[in-house]
Amino acid sequence: MTTLLSSWLPSPAALGSILAERTETVPYRAEVRAARRGDRSAFEALVRSVQRPVYGLCLRLLRTEAEAAEVAQETFLRAYQHLGRYDEAKPFDLWVLAIARNLCLDLLRRRSRVHTQDVDEMHEALPSGERSQEEGVIAAEEHRSLESALSTLGPDDREVLALYYVQKRTTKEIAQVMGVAPGTIMARLFRAREKLRRQMKTEDAQ
Amino acid sequence: MNACPELETLLIAAAEHDAEALAHLRTCPDCAALAEEHRQMEKDLFRLADPLPPPDFVQSVMARVALEPAPVRVELRTGLSILAVTLMGATLAFVAAHGNLGLLGTRAAWAVVAWRNLFFAVSEALAALWSTAALPTAVAMVGLILVSTLGLRRLAGHRVVEARVRP
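Residues numbered from 1 in each chain as written. Chains lettered and ligands numbered in written order. Predicted model: local features only at pLDDT ≥ 70, side-chain atom pairs only at ≥ 80, totals over all residues.

K.L.:
Could you give me a rundown of the overall build of chain A, with the residues and numbers involved?
P.N.:
Across its full length, chain A holds 12 helices and zero strands. Sorting the 206 residues of chain A into buried and exposed places 33% on the buried side. Considering only residue pairs separated by 6 or more positions, chain A has 67% of its internal contacts joining residues 24 or more positions apart. (Helix = DSSP H or I, 4+ residues; strand = E, 2+ residues; numbered from the N terminus. Buried ≥ 20, exposed ≤ 12 C-beta atoms within 10 Å, placed from the backbone. Contact = placed C-beta atoms within 7 Å.)

Below is the structure:
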């Protein structure tokens, strides 16, 4: 009986490594706890850590720098106000990204139409600090054409492509941010990519 | 050659190293060309990066955060509000229950008039409890004090952190 039980139960060393793994898989835990108690410097550290993906997602979805900055700020403010509701078992950055996504989608729903000048503005904004690095790898024209084709896609497609390819998130993480089943992400990615491919072909033909 | 499967099904299966899908891609030049276009596009997409937020972004966020109360205080306030409402509701329900109002009035009048008796009765009850079950009573009291102290410490934790952060 004891042998049977010991074969099922993990050894203390294994248990230790499982616990350590669990602790490691949830980054920012200490900062979140301190921020919850009112330590603003801890919250500032959290903002610094996740500002770029949050702002990046907002810009991909909203396509204007001013709106993206405003919504990203609002995202962090909401995160701070509702820090008590944050489930520490889940990654903090994904929780904040989900808030940002919801705020962006709310704003998009309120928008009645898309201005072409917004799209132009985004083209200028997106390369940002990465311009020289990216341009060294792919030609500026190709990059512009890819961004241009991306901007013609719907928010759902832009979102899934940005999270998977730009932010290098896993399908499981994307599912968590979007609140959908992980099994649907690969299909969503394919459809978005296929739309992008067709759009680029059309642009090339013109 | 077999009819081509749907591209979505084919590419998703190929990404999961499905043998049949991979075999089809090896034998069908049309599907292979489409798969190659997708692969190339993925390569380009992976090279994109998130833009940097405006330089004053963190300062703007923190300026807005500075106006907010600490999250723990909000939690505490919400918890206390819920507790107060629950207690009020329970008290009202107790008082409003049949006969309880009259009973409460009688007891209150009795307590006011004969408070000495009340004090005596309570002290007698405590003495009786102590003489019959001193150890469990003591353990329960110590436990209650410990739990209350730890709870209060946890609730007041943010003050300790603030004091530690400030020089």
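Structure's up, so let's keep going.
K.L.:
Quick rundown of the overall build of chain B? Include the residues and the values.
P.N.:
A tally of helices and strands in chain B yields nine helices and zero strands. Starting at the N terminus and ending at the C terminus, chain B contains elements arranged as α-α-α-α-α-α-α-α-α. Once local pairs closer than 6 in sequence are excluded, the contacts in chain B between residues at least 24 apart make up 37%.

K.L.:
Account for the nonpolar core, with residues named and values stated.
P.N.:
Residues Val54, Cys58, Ala72, Val96 and Ala100 of chain A are the most contacted members of the largest nonpolar core, which totals 49 residues. Leave out the neighbours within four places in its chain, and Val96 of chain A touches Val50, Val54, Thr75 and Ala79 of chain A. (Core = buried A, V, L, I, M, F, W, Y, C linked by C-beta atoms within 7 Å.)

K.L.:
Could you give me a rundown of the interface of chain B and chain A, with the residues and numbers involved?
P.N.:
If you look at the interface, chain B gives 36 residues, while chain A gives 46 residues. Mapped onto the side of chain B that touches chain A, the elements with two or more residues apiece are helix 1 (7-15), helix 3 (29-46), helix 4 (57-65), helix 5 (71-96) and helix 9 (157-165) of chain B. For the side of chain B that touches chain A, the element with the highest residue contribution is helix 4 of chain B, accounting for seven residues. Residues belonging to the side of chain B that touches chain A are distributed by class as follows: 23 nonpolar, four polar and nine charged. (Nonpolar A, V, L, I, M, F, W, Y, C, P; charged D, E, K, R; others polar.)

K.L.:
Before we move on, could you go through unusual backbone geometry and cite the residues and values that matter?
P.N.:
Among all residues save glycine, negative phi is the norm, and among peptide bonds the norm is trans. Residues and elements named next belong to chain A. Positive phi, close to 70°, is recorded for Arg63, a residue that is not glycine. Structurally, the position occupied by Arg63 is in the loop between helix 4 (40-62) and helix 5 (65-81). Of the residues examined, Arg63 has 24 C-beta atoms within 10 Å and is grouped as buried. You will see that Lys168, though not glycine, has its phi angle at about 55°, which is positive. Mapping Lys168 onto the fold places it in the loop between helix 10 (155-166) and helix 11 (171-178). Classification of Lys168 as exposed rests on a count of 11 C-beta atoms within 10 Å.

K.L.:
Requested: an account of helix 10 of chain A, with residues and values cited.
P.N.:
With respect to burial, helix 10 of chain A is a largely interior element, nine of its 12 residues being buried. Those residues of helix 10 of chain A that fall on the buried side of the exposure criterion are Arg158, Glu159, Val160, Leu161, Ala162, Leu163, Tyr164, Tyr165 and Val166 of chain A. Contacts from the buried residues of helix 10 of chain A go to helix 4, helix 6 (92-110), helix 9 (140-151), helix 11 and helix 12 (185-205) of chain A together with helix 3 of chain B. Just beyond helix 10 of chain A, the residue with positive phi is Lys168 of chain A, at close to 55°.

K.L.:
Hey, could you go over the packing of helix 9 of chain A against helix 12 of chain A for me, with residue numbers and the actual values?
P.N.:
Residue and element names in this part refer to chain A. Packing of helix 9 against helix 12 leaves a shortest axis separation of 9 Å and a crossing angle of 120°. As the angle between them shows, helix 9 and helix 12 are arranged oblique. Between helix 9 and helix 12 lies a crossing whose hand is right-handed. The residues of helix 12 that touch helix 9, namely those facing Ser145, Ser148, Ala149 and Leu150, are Leu196, Gln199, Met200 and Glu203. Looking at the contact of helix 9 with helix 12 residue by residue, the classes come out as four nonpolar, three polar and one charged. (Axes fitted to C-alpha atoms, helices over the stretch in contact; angles between N-to-C directions. Parallel < 35°, antiparallel > 145°, perpendicular 65-115°, else oblique. Left-handed = near helix turned anticlockwise from the far one by under 90°.)

K.L.:
Describe the confidence of the model for chain B, naming the residues involved and giving the relevant values.
P.N.:
Residues and elements named next belong to chain B. Looking at chain B as a whole, its pLDDT mean stands at 82, while 90% of the residues score no less than 70. Confidence, expressed as mean pLDDT per element, reaches its minimum in chain B at helix 9 with 45 and its maximum at helix 4 with 95. Predicted confidence for residues 158-167 stays below pLDDT 50, and this span has 11 contacts to residues more than four positions away or in other chains. Predicted as a complex, the structure gets a pTM of 0.65 and an ipTM equal to 0.73. (pLDDT = per-residue confidence, 0-100.)

K.L.:
Account for the environment of Gln199 of chain A, naming residues and giving values.
P.N.:
Residue and element names in this part refer to chain A. Its place among the elements puts Gln199 in helix 12. Gln199 sits 53 residues away from Leu146 along the chain, and the two C-alpha atoms are 9.3 Å apart. The residues contacting Gln199, other than those within four sequence positions of it, are Ala149 and Thr152.

K.L.:
So what about the environment of Val65 of chain B? Which residues, and what values?
P.N.:
By the element assignment, Val65 of chain B lies in helix 4. Here Val65 of chain B falls in the partly exposed class, since 19 other C-beta atoms lie within 10 Å of it.

K.L.:
Pulling in residues and values, what's your account of the confidence of the model for chain A?
P.N.:
Residue and element names in this part refer to chain A. Chain-level pLDDT for chain A is 80 on average; 74% of the residues reach the 70-or-more range. Per-element confidence in chain A ranges from a low mean pLDDT of 45 for helix 1 (residues 2-8) to a high of 95 for helix 5. Across residues 17-24, where pLDDT falls below 50, the model places one contact with residues more than four positions away in sequence or in other chains. In the model, residues 116-120 has pLDDT below 50 throughout and makes four contacts with residues more than four positions away in sequence or in other chains.

K.L.:
Any details on the packing of helix 4 of chain A against helix 10 of chain A? Residues and values, ideally.
P.N.:
All names here are of chain A. Contact pair helix 4 / helix 10: the axes reach a minimum separation of 9 Å and the direction vectors enclose 150°. Regarding the angle of helix 4 to helix 10, the classification is roughly antiparallel. For helix 4 against helix 10, the interelement crossing comes out right-handed. Seen from helix 4, the contacting residues are Gly56, Leu57, Arg60 and Leu61; seen from helix 10, they are Pro155, Arg158, Glu159, Ala162 and Val166. Each residue belonging to the contact of helix 4 with helix 10 can be placed in one class, and the counts come to five nonpolar, one polar and three charged.

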